[in-house]
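# Summary of structural features
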There are 2 protein chains.
Amino acid sequence: MVKVAVDAMGGDNAPGEIVKGTVEALQESKDITVFLVGLEEDIRKELSKYQYPAERLNVVPASEVIETDEPPVNAIRRKKDSSIVVGMNLVKKGECDAFVSAGSTGAVLVGGQLIVGRIRGVNRAPLAPVFPTTKGASILIDCGANVDARPDHLVQFAKMGSIYMENVLGIRNPRVGILNIGAEEEKGNALVKETFPLLKEVKDINFIGSVEARDIPAGAADVIVCEAFAGNVALKTYEGVGLTMIKEIKGGLMSSLRGKLGGLLIKPVLKKTLKKFDVSEYGGAPLLGLNGLVVKTHGSSKSKEIKNSILQCVQFKDQDITGKIREKISEEQK
Amino acid sequence: MVKVAVDAMGGDNAPGEIVKGTVEALQESKDITVFLVGLEEDIRKELSKYQYPAERLNVVPASEVIETDEPPVNAIRRKKDSSIVVGMNLVKKGECDAFVSAGSTGAVLVGGQLIVGRIRGVNRAPLAPVFPTTKGASILIDCGANVDARPDHLVQFAKMGSIYMENVLGIRNPRVGILNIGAEEEKGNALVKETFPLLKEVKDINFIGSVEARDIPAGAADVIVCEAFAGNVALKTYEGVGLTMIKEIKGGLMSSLRGKLGGLLIKPVLKKTLKKFDVSEYGGAPLLGLNGLVVKTHGSSKSKEIKNSILQCVQFKDQDITGKIREKISEEQK
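Here the structure is a predicted model, which is why all the values come from computation and not from measurement.

### Topic: the overall build of chain A
A tally of helices and strands in chain A yields 11 helices and 11 strands. Its C-alpha atoms give chain A a radius of gyration of 20 Å, near enough to 20 Å, the size a compact globule of 334 residues would have. Viewed in the frame of its principal axes, chain A has a C-alpha envelope of about 65 × 60 × 35 Å. With 334 residues in all, chain A has 58% of them scored as buried. Within chain A, contacts between residues separated by at least 24 positions form 72% of all contacts whose residues are at least 6 apart in sequence.

### Structural notes on the sheet that holds strand 11 (residues 293–296) of chain B
All names here are of chain B. The sheet built from six strands is open, its strands ordered 3-2-1-4-11-10 with mixed pairing. Whereas interior strands pair on both sides, the edge strands pair on one side only; in this sheet they are strand 3 (57–61) and strand 10 (285–287). Each strand axis lies, on average, 25° off the axis of its neighbour in the sheet, ignoring direction. Here strand 10 pairs with strand 11 via three bridges, running antiparallel. Opposite Pro-286, over in strand 11, you have Val-295 as the bridge partner. Along the sheet face, helix 1 (residues 16–28) touches strand 1 (2–7), strand 2 (32–38) and strand 3 and points at about 170° away from the line of strand 2. Helix 5 (residues 105–116) contacts strand 4 (98–101), strand 10 and strand 11 of the sheet and is inclined by roughly 175° relative to strand 11.

### Considerations on the domain arrangement of chain A
Residue and element names in this part refer to chain A. Segmentation of chain A into domains returns domain 1 (1–122 + 289–320) and domain 2 (123–281). Between the C-alpha centres of domain 1 and domain 2 the distance comes to 25 Å. Listed by partner, the interface residues are 15 residues for domain 1 and 12 residues for domain 2. For the side of domain 1 that touches domain 2, the secondary-structure elements that each account for two or more residues are helix 5 (105–116) and helix 10 (303–318). Counted by class, the side of domain 1 that touches domain 2 contains four nonpolar, seven polar and four charged residues.

### Some details on the pairing of strand 1 of chain B
Residues and elements named next belong to chain B. Burial runs high along strand 1: five of the six residues are buried. Pairing of strand 1 with strand 2, which is carried by six bridges, proceeds in the parallel orientation. Residue pairing for strand 2: Asp-7 is matched across the bridge by Val-37. With helix 1 bridging strand 1 and its parallel neighbour strand 2, the resulting β-α-β unit is right-handed.

### Structural notes on the interface of chain A and chain B
Taken together, the 50 residues of chain A in the interface contact 50 residues of chain B. Of all the elements, helix 8 (residues 228–254) of chain A adds the most residues to the side of chain A that touches chain B, at 18 residues. Residue composition of the side of chain A that touches chain B, grouped by class: 23 nonpolar, 15 polar and 12 charged.

### Overview of the confidence of the model for chain A
Taken as a whole, chain A shows an average pLDDT of 93; of its residues, 99% reach a score of 70 or greater. Here the predicted complex carries an ipTM of 0.90, next to a pTM of 0.92.

### Points about the environment of Ala285(A)
Residues and elements named next belong to chain A. Tracing the backbone through its elements, the reader meets Ala-285 in strand 10 (residues 285–287). Among the residues examined, Ala-285 registers 29 C-beta atoms within 10 Å and is labelled buried. Sequence spacing of Ala-285 and Leu-109 is 176 residues, and the spatial spacing of their C-alpha atoms is 11 Å.

### Points about the environment of Asp69(B)
All names here are of chain B. For Asp-69, the location among the structural elements is in the loop between strand 3 and helix 3 (72–78). Since 11 C-beta atoms lie within 10 Å of it, Asp-69 is described here as exposed. Remark: the alpha-carbon pair of Asp-69 and Ala-102, spanning 33 residues in sequence, is separated by 14 Å.

### Notes on the relation of the copies chain A and chain B
Each copy of the sequence occupies a distinct position, and chain A is placed on chain B by a rotation of 180° and an axial shift of 0.0 Å, giving an RMSD of 0.0 Å. Each copy turns onto its partner about a two-fold axis. Taking C-alpha positions as the reference, the residue of chain A nearest the rotation axis is Gly262(A), at 2.1 Å. Mapped onto chain B, 100% of the interface residues of chain A again fall at the interface, so both copies present the same surface.

### A look at helix 7 (residues 190–201) of chain B
Residues and elements named next belong to chain B. Along helix 7, the residues that are buried comprise Leu-191, Val-192, Thr-195, Phe-196 and Leu-199. Buried residues of helix 7, viewed axially, fall in a sector of 125°; they line one side. Summarising the geometry of helix 7, the exposed residues directed more than 90 degrees from the buried face are Ala-190, Pro-197, Lys-200 and Glu-201. Where helix 7 is buried, its residues meet helix 6 (151–167), strand 7 (175–180) and strand 8 (206–212).

### Observations concerning helix 8 (residues 228–254) of chain B
Between its first and last C-alpha, helix 8 of chain B extends 39 Å over 27 residues, near the 39 Å set by a 1.5 Å rise per residue. For helix 8 of chain B, the tally of buried residues reaches 20 of 27 residues, placing the bulk of the element in the interior.

### Remarks on the packing of helix 1 of chain B against helix 10 (residues 303–318) of chain B
Residue and element names in this part refer to chain B. At a minimum axis separation of 7 Å, helix 1 and helix 10 run at an interaxial angle of 50°. By the angle class used here, helix 1 and helix 10 are oblique. The crossing of helix 1 and helix 10 is right-handed. Together, Glu-17, Ile-18, Lys-20, Gly-21, Thr-22, Glu-24, Ala-25 and Glu-28 of helix 1 and Ser-303, Lys-304, Ile-306, Lys-307, Ile-310 and Leu-311 of helix 10 make up the contact between the two elements. Residues of the contact of helix 1 with helix 10, tallied by class, amount to five nonpolar, three polar and six charged.

### Regarding the sheet that holds strand 4 (residues 98–101) of chain A
All names here are of chain A. Here we have six strands laid out as an open sheet, ordered 3-2-1-4-11-10, and mixed in their pairing. The open sheet is flanked by strand 3 (57–61) and strand 10, the only strands paired with a single partner. Each adjacent strand pair in this sheet contributes to an overall mean axis angle of 25°, direction not counted. Sitting on the sheet, helix 10 touches strand 1 (2–7), strand 2 (32–38), strand 4, strand 10 and strand 11 (293–296), and the angle it makes with strand 1 is about 145°.

### Digging into the environment of Ala125(A)
Structurally, Ala125(A) is set in the loop between helix 5 and strand 5 (130–133). Residues Ala125(A) and Lys272(A), 147 residues apart in the sequence, show an inter-C-alpha distance of 34 Å.

### Concerning unusual backbone geometry
With an omega of 20°, the peptide bond running from Ile141(A) to Asp142(A) counts as cis. Inspection of the secondary structure assignment puts Asp142(A) in the loop between strand 6 (136–141) and helix 6 (151–167). In this model, Ala14(B) is joined to Pro15(B) through a cis peptide bond whose omega is -5°. Residue position: Pro15(B) is located in the loop between strand 1 and helix 1. For Asp320(B), which is not glycine, the phi dihedral falls at a positive 50°. Relative to the elements of secondary structure, Asp320(B) occurs in the loop between helix 10 and helix 11 (321–332).

The rules behind each value
- Residues numbered from 1 in each chain as written.
- Chains lettered and ligands numbered in written order.
- Predicted model: local features only at pLDDT ≥ 70, side-chain atom pairs only at ≥ 80, totals over all residues.
- Helix = DSSP H or I, 4+ residues; strand = E, 2+ residues; numbered from the N terminus.
- Rg over C-alpha atoms; globule rule 2.2 N^0.38 Å.
- Buried ≥ 20, exposed ≤ 12 C-beta atoms within 10 Å, placed from the backbone.
- Contact = placed C-beta atoms within 7 Å.
- Pairing = 2+ DSSP bridges.
- Axes fitted to C-alpha atoms, helices over the stretch in contact; angles between N-to-C directions.
- Domains from an automatic or database assignment.
- Nonpolar A, V, L, I, M, F, W, Y, C, P; charged D, E, K, R; others polar.
- Right-handed = clockwise from strand over helix to strand, strands pointing away.
- pLDDT = per-residue confidence, 0-100.
- Least-squares fit on C-alpha atoms with pLDDT ≥ 70 in both.
- Arc of directions from axis to C-beta.
- Expected span 1.5 Å × (residues − 1).
- Parallel < 35°, antiparallel > 145°, perpendicular 65-115°, else oblique.
- Left-handed = near helix turned anticlockwise from the far one by under 90°.

Listed below in structure tokens is the structure:
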């Protein structure tokens, strides 16, 4: 049984979509117990709309809510009874295996480091979303947790990303690339130039060299290592272009009778294609390298993404990703 | 009359598409004279396929070609009779107003700085592509010329980008944003945090604060200032996702009879929509801040992009962008 604490108060659609996604996850997998953390009355009200296996759903009261625009360090320190702090403490105390939140990214990142804590030897805990490509899926690591990282941080990201893709997504010997602005080794900024030779020396990863942002959607590497600022820019551009194109195409189809008719015909094929670009398919972004799993999902998450974020915790626990990272990083220090 | 030197040997489709695009540009505008630079025999052979106003087309022989994978500084220094060096010298000597190349990005950037030269007071010459958004177009500055830039470089980029968008694209009082990983002022890496207050102090730009990559396609700012690595990642992701989605949608439509039929119906509307995401619509990326215009177009450019790249030189010359940048930057130094 995998025990997942879920922040019922986080994100634009809380608590409605969070509770709905939780119920859907419980219906889809028998291996999960969820602890919904937040304002009890609000949660119960939403829960009353559904039928669900009550023996696998617990409500954990938390009287405070951390808002998106609050300075995160302050919020984590002061709001001791917030859904994020209470949920993360469940993981810290070992009462839960994972914590899922669509709330303030800053607060989730800070809370992850301060409350759940980094695995001994891990220098930085990267945010590492898995996203769809035409070949399947890739992980982009780091996408926003640690700006201005050092080369040795990126080397750890490569190792952690490889463990994740191999064990959670089942990709054997995942190809590791470094995000760069050209294909050749001599290209790049100072950080990439320093990191490149270090990655070549790591024996137990399959380093394939530079990956240009242009080739990410086609699945140029399974693990794409990057500094958080660049990674965030890549991920957000990916999402932004995808969403904007879909909106424009749909708008275009609705603008004429001919378009509407054609739209009806192509609906199934368009839906299938667009699913390949739907970032919510793989759930949220894990914050890797912590003493327990923390998953950050989009602030705009609907129930499907919440459901997928909860379900992804099963594989993470079953494959003991935390244990594998601990082992790999401790090897490094021998 | 605007005199444009064109690198006939640059890019994946040289010289065929380059010559074709040149002929198309000459047919579209009477204000242009083109100097096609490269292997004379190859150029003449391509030219023989077309009818064109010969009085406005000159062939300038250059016996060498710089390849994409050559180290750029060496190539520019050694291949004195290459199409890039010969073409840039035409601009340096004032015989041409602009140089357009689809060749090696590195060689074009290095040649621009070493041969054409920076305007006095300009610290770095940024590569600044204009790209389509749902609102019209934005400029992303810098997209790959100067990695690891300093805050004062970004301030100059903001000024040059504003001048370009106001005068070449006719956007009054263009909104300037800094590419960031969050909307709040305290977000970002060290570079962004240092640059942000400097941009707020610049009186003659319309600084609107941070722009997240996600909001770029919707036209969140007219001028998006960024360090070259992040800018290149944003631009390349933009292009990559756009191209991949178009390919996938087209592939999806061809996979069934129903899709094919629907595809026929939606073709006009799809074409119109996709045009909004076609980076070749605005021609190539100008390298700003030089003593003359240098335009870098995609290595994969077809005739349309070459044509648009040549045509964009007219507005640049007519509006005296070089003079306006010179004036603005010299003001700074008083």
